[in-house]
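# Notes for the structure review
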Amino acid sequence: MRSSRRSTPLALTVAALAVALLAPMPPSDADPAPAGAASVGAVSAERQAPQFRVRTVARGLQNPWDVQQAPGGRLIVSERDRARLSVVRNGKRRTLANLSKQVWVSGETGLMSLAVDAGSRTLWACHGSSAGGNHVQVTRWRVDAKWRTLSNRRTVLSGFPSTSGRHGGCRLLLDKTSDALLVGTGDAAVGTNPRDLDSLGGKVLRVHRRTGEPMADNPYADATTARRFVWTYGHRNVQGLAQRADGSLWSSEHGSYRDDEVNLLVKGGDYGWNPVPGYNEEVPMTDQSLPGTQQEAAWSSGTPTIATSGAAWVRGSQWGALEGTLAVAVLKDSEMMFLRFDDAGALVSETRPRALARFGRLRSVTSARNGDLLVTTDNGDGDRVLRISPR
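Residues numbered from 1 in each chain as written. Predicted model: local features only at pLDDT ≥ 70, side-chain atom pairs only at ≥ 80, totals over all residues. Heavy atoms only, no water.

## Let's talk about the pairing of strand 2 (residues 64-69)
Remark: a regular strand shows side chains that alternate across the two faces of the sheet. Most of strand 2 sits out of view: 6 of its 6 residues are buried. Where strand 2 lies against strand 3 (residues 75-79), 5 bridges are found, and the strand directions are antiparallel. Looking at strand 3, one finds that Val67 is bridged to Val77. (Buried < 20%, exposed > 50% of the residue type's maximum accessible area, 1.4 Å probe, protein only. Helix = DSSP H or I, 4+ residues; strand = E, 2+ residues; numbered from the N terminus. Pairing = 2+ DSSP bridges.)

Below, the structure is given as structure tokens:
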């Protein structure tokens, strides 16, 4: 069913005012702040938001793409171009695995998202691979009890399309309500991929986390082709996946020159990206002129984009007015957004704390077990993993 949440001109005017009041002033050579779909409630949310304690828990990294928790206070960190997995504990980093011989690195593609099942000491990674031709895949390993070595390597799913490395995706999420592993992929800058159900590009995929088989309740699970893995399609470049406490699944993705999106994912949903003929980035991110029904974004940046990246739901009463919001890391505008949605998925408010707009580009955000947010910066050499706590 088509969403009715498209903003009216009046709502956009109010939204622009709210964002302007909340956002830090950009330097003179930066893009102006976007007219996002926020409400006036964002202003009061900013005033009620907690103060933050921000600690650096790892430094000296290069383009860290993801951070996940492991047992014993350990953090697992991936670095895209170095193709290095690290364990961080008590402020010290050590190499868990150098995967440079297994990972194809090009442009936006390399060692990207991670998922960790601490109980079974299982680690999944989404990464570029040149085995059998350049593509993106998901690999799984077992980790020893001291989190020092990887073993039992297995390819879970492969063949995500890739060209130059542009739009390689790729975000992983372990479903809390089933044995599914969700995989958000990029369209590899090939216009036909997002709506081709037998291409794994421009999709959110859903596979069994151990076997790599399609989940039995996928919308095309009975197919004999690649579409049996597809959960949603019509995406451009999925950068974040997050699961709300109610079990609903959400994505964040990069727009073209406009309309970064946060989407509420519905089974079999078409999200409307169709940049053909060729790779025509002038078309809408959600093109309602296409056949069938397209799902409108729950939030959109408008023009210009801000480069939304990883996302995580904020948990814990210590967060005050921000509890239950979706924290979204932002690359181009170098900030963190907190988006509040109602139970039906409609946007209520948008908050951009100034205190979190001084660390440069933010790539990923993970909700730690105690409710803190673990965040990676993506500025190049000298990147960090941050732990953000409310106080």
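Still more to cover.
## As for the sheet that holds strand 8 (residues 135-143)
One open sheet holds the 4 strands; their spatial order is 6-7-8-9, and the pairing between them is antiparallel. With partners counted over all chains shown, the strands left at the sheet margins are strand 6 (111-117) and strand 9 (150-160), one partner each. Ignoring which end each strand starts from, the neighbouring axes of this sheet average 20° apart. Looking at chain direction, strand 6 and strand 7 (residues 122-129) are connected through 5 bridges and run antiparallel. Bridge pairing in strand 7 places Val116 opposite Leu123. (Axes fitted to C-alpha atoms, helices over the stretch in contact; angles between N-to-C directions.)

## Description of the sheet that holds strand 22 (residues 362-367)
By definition, the strands of a sheet pair up through backbone hydrogen bonds, in either a parallel or an antiparallel sense. Pairing is antiparallel across the open sheet formed by 4 strands, whose spatial order is 1-24-23-22. Unpaired on one side and paired on the other, strand 1 (52-62) and strand 22 mark the two borders of the sheet. Between one strand axis and the next, the sheet turns through 20° on average, direction left out of account. Note: strand 1 against strand 24 (residues 381-390), 8 bridges, orientation antiparallel. Across the sheet, residue Val54 finds its bridge partner in strand 24, namely Ile388.

## Observations concerning the environment of Ser317
Considering the arrangement of structural elements, one finds Ser317 in the loop between strand 18 (308-313) and strand 19 (326-330). In this structure Ser317 comes out as exposed when scored by relative accessible area, which is 61%. Put simply, Ser317 and Gly371 are 54 residues apart on the chain and 9.1 Å apart in space, counted from C-alpha to C-alpha.

## What to know about the pattern of salt bridges
As enumerated under the stated definition, the model contains 17 salt bridges in all. Between Arg171 and Asp66 there is a salt bridge, with its nearest N and O atoms 3.4 Å apart. Here Arg171 is found in strand 10 (residues 171-174), whereas its partner Asp66 is found in strand 2, with 105 residues between them in sequence. When sorted by exposure, Arg171 lands in the same class as Asp66, which is buried. With a closest N to O distance of 3.9 Å, Asp378 and Arg361 form a salt bridge. With Asp378 in the loop between strand 23 (373-377) and strand 24 and Arg361 in the loop between strand 21 (347-351) and strand 22, this residue pair connects regions lying 17 residues apart in the sequence. Its relative accessible area of 4% is what places Asp378 among the buried residues. The partly exposed category is assigned to Arg361, whose relative accessible area is 32%. Salt bridges here are not isolated pairs; linked through shared partners, they connect Arg55, Asp372 and Arg387. (Salt bridge = Lys/Arg side-chain N within 4 Å of Asp/Glu carboxyl O.)

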